[in-house]
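Reading the structure
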Amino acid sequence: MNPAQSLPLLQNALTVGAILFSLGLVGILTRRNLIVMFLAAEMMLQGISVSLVAWSRYHGDWGGHVLVIFVLTVAACEAAVALVFVLQAFSRTGRLDAAAWQSLREANVGRTIDHELPAIDTVPLRFPTLAPAGVLPPADENEPLQREHV
Amino acid sequence: MQEFSPSTLLVLVPLLPLVGAILTVLLGHTLGAKAHLPAMAGIAAAAVVAIALLVATARDVGPAHGAHAEAVRPVEMISTLWQWASFDAAYTPPAGSPATDARLTPHDLAAAEDVRSFSLPVALRLDPLTATMLTIITCVGLLVAIYSVGYMHDDPGYPRFFALVAMFVFSMSMLVAASNFLLVYVFWEAVGACSYLLIGFWFTKPEAARAAKKAFLVNRVGDFGLAIAVFLLWMTYGTLDFHDTISSDGVIMPGILGQTRLADAAGYVGGAVGTAICLLLLLAACGKSAQLPLHVWLPDAMEGPTPASALIHAATMVTAGIYLITRSAPLFAACPGALTMVSIVGATTALVAALIGTVQNDLKRVLAYSTISQLGYMFASLGTGTLLGFTAAIFHLLTHACFKALLFLGAGSVMHAMGGVIDMRRFGGLRRVMPITAATFFVGAAALAGVAPFAGFFSKDEILAALHSKGWPAAHGDHHAAAASDGSFQLIAFSPEAAHATVTAPAVGLDALDRPETWQILFWMSLVTAGLTAFYTFRAVFMTFTGPTRVPEGAHGHGGHGDHGGHGDHADDGGHGSHGGHGGHGGHGGHGGHESYESPSAMTWPLMILAIPSALVGWLLFSTNWLAHFLSATPSLTAPAVAATATPHVFHMNLAIQGTLAAAIGIVVAAIGHLGRRSDGPQLERFLGPLQTLFANKFYFDQIYSALIVKPLEGLALVAALFDRHVIDGTVDAIARIPVALGGIVRRSQSGLLQRYALVGVMGVLAIVVLLTWQLRG
C-alpha cells in the first residue's frame, strides 16, 4: 500500500480542513466587521481546499490538486473584488459594521439593536492624501471637497 | 384583344381597383389633392376591361333570333387562380343524407366512395350575369369616383374615401365573379365592411358612427343566414363550387350550379332541406338588399357621403341579394314555396317602403326608401321563378343602377350647393339656380316613376308582366306558366325512402302559398307601389326644383356672400358644400337675376352621362330584347326548371297602360299637392290622417326592434358587465390576495442582518446533512 494513501494521513488532513472550515463559519456568524467576515469566508474556502487535497492524495488522483490551484487563483481574484465592495461599503457609511446595512430590510420589520453604536465623530475624518502636483483645478463650490463620512 | 385571353382580363377587373386602392393608401398623403388618381385610374381601367368582357361574352352568346324564345347554350368561363385549400378524405357524409344519394351525383361519383375530399379553388367565372354585373359596378363606380372629385374635395379624409371606393369596387367585382359559395361569402362580408367604413366615413359625427354600427349589426343577421346556408349546401351537395371541377383522377365533380347538375332535372334538392337553404339565402339577401324586416339600416346609411350612398347603397352593393338569388335560381326553382316567399317579401317591402317614402322630408331618405322599394320590386320579380322574372329583375337592376345613381348624385349636388341642407322644406325652386342638376334629376325621377319613354318604364313593365303571368296564367296563354302555377315543375319530390322522411318532408305550408291568388295580390301590391313611387318621386321633384326659389342660409352661390352659419339638421353632410366662390365659375349669367348654385363640372358631367342611359337604356334593351337573351345564357338560368318557363318576348299593352295609369295618378296627386304653391305637406297630412303618423314613424320598425331586441340585449349586456366587474373580477382579486398574505408572513424574516441570513443558510445545510445522514443510515 502506498504510504501516501494511508488512512491516518487522510484523517489528519480532513480534521485540519474541518477545523479551518468551522473556525471560518463561526467567524462569519459572530463577527460584524466586513473585513473579518471576508477573512472568515476565505478561511472556510481554504478548509475545503485542504480536504480536497487530502482526498486527492488519498485516491492518488492529481485532479484535486489541480483544482485547488485553480481555487487559489480564483480566490485571489475574488479577494480583490470583495475588498473593493468592502471599501465601497465603507465609503458609503463610514463604517465596517455589517449591521450598518440593515436598513435594507423589509419596510414593516423593526430595527434590530443589540447595543447602540457609538455616535459618529462630528469632526470630519481626515485621510492621508498625496501631495498636490500640477495646476490645481478650479474648485466647484457646489461640490463639497470632502464628503462628510469619507 | 386577341393577345389577352378572357381569363386574364377577368382577373384584371378586380385586380386593377385593388391595386388602385393599395396605391391610394400608400401614396394618399403624398398626392394630397390628387389622391383620387390611382383609385380612379384603377376603376376606369377595370370599367374598360369589364366592357370588353361584356362584348366578348355577348359574342359567345350570339344574337337573338327574333322574338321567340329558343334554347340557349349556357356560356361560362372559369378561371381558377389557385387552390385555397385541399384535403383528401375530409368528410364522411352521414348515411341517408342527400349528398350520398346517387341520383344527386349524376356520375355516380359518391355512390361507391363515401369519404369526400374537400377542395376550395379560388376561381373566377365569367358568364352573362357576371359580365352584366361587372359592367354596372365598374361603370357606376367610375362615374361616382369622378363625381367625388368635386364633392369630396377639401375633405381631410380625401385619400381614405377613394381608397375605400376602389376597395369596394374590388370586393364587389370579386363577389359577382366568384365561382364558389365560400368566396361569395368572403366578399359578401368584404362589401359589408366597405359599406360600414363608408357609412361611418365621418366617424366623428355620432349619427354616422351609430348608423355604421347599425348597418353592420343588421347585416350580421343576414350574413348569419348566408353562413348557415353555405354549411347546408356543403352538407347537401358535397361541394361549394358553382362550376364542375375535374378531380385528379379525371372524375367530374358536379358543381352546385355546374352544367352537369343543371343538365339533370333531378340535380337539385327540394323539400325541407332545399327550402331551408333557399330561405336562408333569402335571409342573407334580405340583409344585404335591405328587405323587410332587415331594411332598417339602409335609410340610416344615408349618413355617409352621398357618392358612397349612390354607389353602394343604391346602385351596386344592395343588389348583391338580387345577384345571389339569380345565381341560385336552380336551387330556388326546386322550392316553389321559397320562391313565393321571395316575392311576398319583395312586394311587401316595395309597398311598405313606398308608403314610408311618401312622407319623408329628407331628400336622401326619400331616395333611400325608394331604393328599398325598388329592390323589393326586383325581389318580387325574382320570386316568380320564371325566366322572364329573373331577367326582368336584372333588367330593373341595371336601369335602377343608372337612374338611382343619377338621383343620388343629383341629391348630392343639391346638398353640396345648399350648404349641407337636405331637408326639402328648406329649399325650393332650384331649377332656376341649378339647371343641370334639375334637368338630370328630372330624367332620373321620370325613369324611377316609370314614365313612358324612360328606362324605368320598361323594366318595371317587365316585372309587372312577370307577376301578371303568374297570377293569370291563362291570360298569357302560355302552358309553361300555367304549369308553373299548379306546381308541376316541382323538380324533386325527394322522398324516395322513409328513412329520408326528416330530410325530405315537403314544406307543405310554404308551398301552399304558390297559387294564382297569391300572385294576383302581389301584382296589385306592385301596381299600387308603382303609383306611390311616382307620387313620392315627383313630390320630391316638385318640392326641390319648382315653386319660388328658396335657398337656406348656409348655402353659397357663386357670388360668394357672407359666412356660413347654418348647416343642415340631422343629415348635415359634415360641413360639405360650404365652399362657395369657385373662381372659375364666374361666368354663370342669365339665370333671371339669380346667382348660380350649380355644382362644379366634375359633378355635373357624371349627372349628364348617367342621364343618357337613364333615359334610353330601357327602350334599347327592351326593343331589342338583348339583355333577356344575353342573360338567358347564364348557366343558372339554363336550368330546365327556369328555361322551360321562357316566354316569347312581347309588349304587354294592357300592363303598360295599367302601369302608366298608376304612375300618372301618382304624378297628378303629387302635382296637386305640391306644384304651384309652396307646400310643406299639411294637405298630405290632413289627407292621410293617423296613417301619416304611422308612415312618418316608418311603421315603428325602429321602435319595435329597440323594444324587442336592442333594449333586452342592452339589459343583458348590463347584467354581464356587472357580473364581470363584481363576480369575476372579485374572484380574481380575492385569489390575488392569497400570495400577498403569504408574502406578508415570509417578509418578516427579511431583517437586513447579514449574520441572520448566513445562519439560516447554515441551518438549512445542516438540516440537509442530518436528513441525508438519517436516510443513509435508515
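Keep in mind the model is a prediction, meaning the values are calculated, not measured.

1. Details of the overall build of chain A
Helix and strand counts for chain A come out as 3 helices and 0 strands. Order of helices (α) and strands (β) in chain A, N terminus to C terminus: α-α-α. Partitioning the intrachain contacts of chain A with sequence separation of at least 6 by distance along the chain shows that 57% fall at a separation of at least 24.

2. So, the overall build of chain B
Looking only at helices and strands, one finds 30 helices and 4 strands in chain B. Counting across all 778 residues of chain B, residues that qualify as buried make up 54%.

3. Structural notes on the nonpolar core
General note: in soluble globular proteins, nonpolar side chains tend to be found buried as a group. With 240 residues, the main nonpolar core has Val165, Leu281 and Ala405 of chain B as its most contacted residues. For this core, the element with the highest residue contribution is helix H16 (residues 387-417) of chain B, accounting for 21 residues. The contact partners of Ala405 of chain B, leaving out residues within four places of it in the chain, are Val140, Leu143, Val144, Ala310, Ala314, Ala315 and Leu610 of chain B. Core analysis: the second largest hydrophobic core is formed by 9 residues, Leu20, Leu34, Met43 and Val50 of chain A among them.

4. Some points on the interface of chain B and chain A
The interface is formed by 11 residues belonging to chain B together with 14 residues belonging to chain A. Element by element, the count of residues in the side of chain B that touches chain A is highest for helix H30 (residues 754-777) of chain B, at 5 residues. Along the lines of polarity and charge, the residues of the side of chain B that touches chain A split into 5 nonpolar, 4 polar and 2 charged.

5. Let's talk about the environment of Val122 of chain B
Residue and element names in this part refer to chain B. Mapped onto the elements, Val122 comes out in strand S2 (residues 116-126). The sequence separation of Val122 and Ala392 amounts to 270 residues, and the corresponding C-alpha distance is 30 Å. What Val122 contacts, discounting residues up to four positions off in sequence, is Leu81, Trp82, Trp84 and Leu183.

6. So, unusual backbone geometry
Residues and elements named next belong to chain B. Along the chain, Leu292 connects to Pro293 via a cis peptide bond; the corresponding omega equals 0°. Located in the positive-phi region is Ala290, a residue other than glycine, with phi close to 55°. As for its position among the elements, Ala290 is in the loop between helix H9 (271-288) and helix H10 (297-300). Although it is not a glycine, Asn625 adopts a positive phi angle of roughly 55°. Tracing the backbone shows Asn625 in the loop between helix H23 (601-624) and helix H24 (626-631).

7. Considerations on the domain arrangement of chain B
Residues and elements named next belong to chain B. Taken as a whole, chain B is organised into domain 1 (6-73 + 120-548 + 602-696), domain 2 (697-736) and domain 3 (748-778). Centre-to-centre, using C-alpha coordinates, domain 1 lies 36 Å away from domain 2. With 6 residues of domain 1 in contact, the opposing surface of domain 2 contributes 6 residues. Breaking the side of domain 1 that touches domain 2 down by element, the ones donating at least two residues are helix H14 (336-357) and helix H28 (690-696).

8. A short note on the packing of helix H15 (residues 363-383) of chain B against helix H22 (residues 516-545) of chain B
Residues and elements named next belong to chain B. Contact pair H15 / H22: the axes reach a minimum separation of 11 Å and the direction vectors enclose 160°. In terms of their interaxial angle, H15 and H22 are classed as roughly antiparallel. In the packing of H15 onto H22, the handedness of the crossing is left-handed. Facing Leu363, Val366, Ser370, Ser373, Tyr377 and Ala380 of H15, the residues of H22 in contact are Leu522, Ser526, Thr529, Thr533, Tyr536, Thr537, Ala540 and Thr544. In the contact of H15 with H22, the residues fall into 7 nonpolar, 7 polar and no charged.

9. Topic: the confidence of the model for chain B
Caution is warranted with low-pLDDT regions, since their predicted coordinates should not be read in detail. Residue and element names in this part refer to chain B. Summing up the model confidence of chain B, the mean pLDDT is 80 and the portion of residues at 70 or higher is 83%. Within chain B, no element has a lower average pLDDT than helix H20 (residues 501-504), which sits at 40, and none a higher one than helix H6 (residues 181-199), at 93. Overall, residues 559-593 carries pLDDT values under 50, and its contacts beyond four positions in sequence, including any with other chains, amount to 63 contacts.

10. Let's talk about the environment of Ser614 of chain B
Residue and element names in this part refer to chain B. Tracing the backbone shows Ser614 in helix H23. The spatial distance from the C-alpha of Ser614 to the C-alpha of Arg261 is 38 Å, given a sequence separation of 353 residues. In this view, Ser614 contacts Cys402, Phe403, Leu406, Val443, Gly444, Ala447, Phe454 and Ala455; residues no more than four positions away in its chain are not counted.

11. So, helix H5 (residues 158-177) of chain B
For H5 of chain B, with 20 residues, the first-to-last C-alpha span of 29 Å sits near the 28 Å given by 1.5 Å per residue. Most of H5 of chain B is tucked away: 19 of the 20 residues are buried.

12. Some details on the packing of helix H2 (residues 36-61) of chain B against helix H4 (residues 128-151) of chain B
All names here are of chain B. Orientation of H2 relative to H4, taken along the N-to-C sense of each, is 155°, at an axis distance of 8 Å. Judged by the inter-axis angle, H2 sits roughly antiparallel to H4. Classified by chirality, the crossing of H4 by H2 is left-handed. For the contact of H2 with H4, the residue count by class is 19 nonpolar, 5 polar and no charged.

13. Some points on H14 of chain B
In a regular helix each residue adds 1.5 Å, so 22 residues correspond to 32 Å; H14 of chain B covers 31 Å between its end C-alpha atoms and thus fits that length. Most of H14 of chain B is tucked away: 21 of the 22 residues are buried.

14. Digging into the environment of Ser117 of chain B
Along the chain, Ser117 of chain B turns up in strand S2. Here the alpha-carbon distance between Ser117 of chain B and Gly238 of chain B, two residues 121 residues apart in the chain, equals 8.8 Å.

Calculation criteria
- Residues numbered from 1 in each chain as written.
- Chains lettered and ligands numbered in written order.
- Predicted model: local features only at pLDDT ≥ 70, side-chain atom pairs only at ≥ 80, totals over all residues.
- Helix = DSSP H or I, 4+ residues; strand = E, 2+ residues; numbered from the N terminus.
- Contact = placed C-beta atoms within 7 Å.
- Buried ≥ 20, exposed ≤ 12 C-beta atoms within 10 Å, placed from the backbone.
- Core = buried A, V, L, I, M, F, W, Y, C linked by C-beta atoms within 7 Å.
- Nonpolar A, V, L, I, M, F, W, Y, C, P; charged D, E, K, R; others polar.
- Domains from an automatic or database assignment.
- Axes fitted to C-alpha atoms, helices over the stretch in contact; angles between N-to-C directions.
- Parallel < 35°, antiparallel > 145°, perpendicular 65-115°, else oblique.
- Left-handed = near helix turned anticlockwise from the far one by under 90°.
- pLDDT = per-residue confidence, 0-100.
- Expected span 1.5 Å × (residues − 1).

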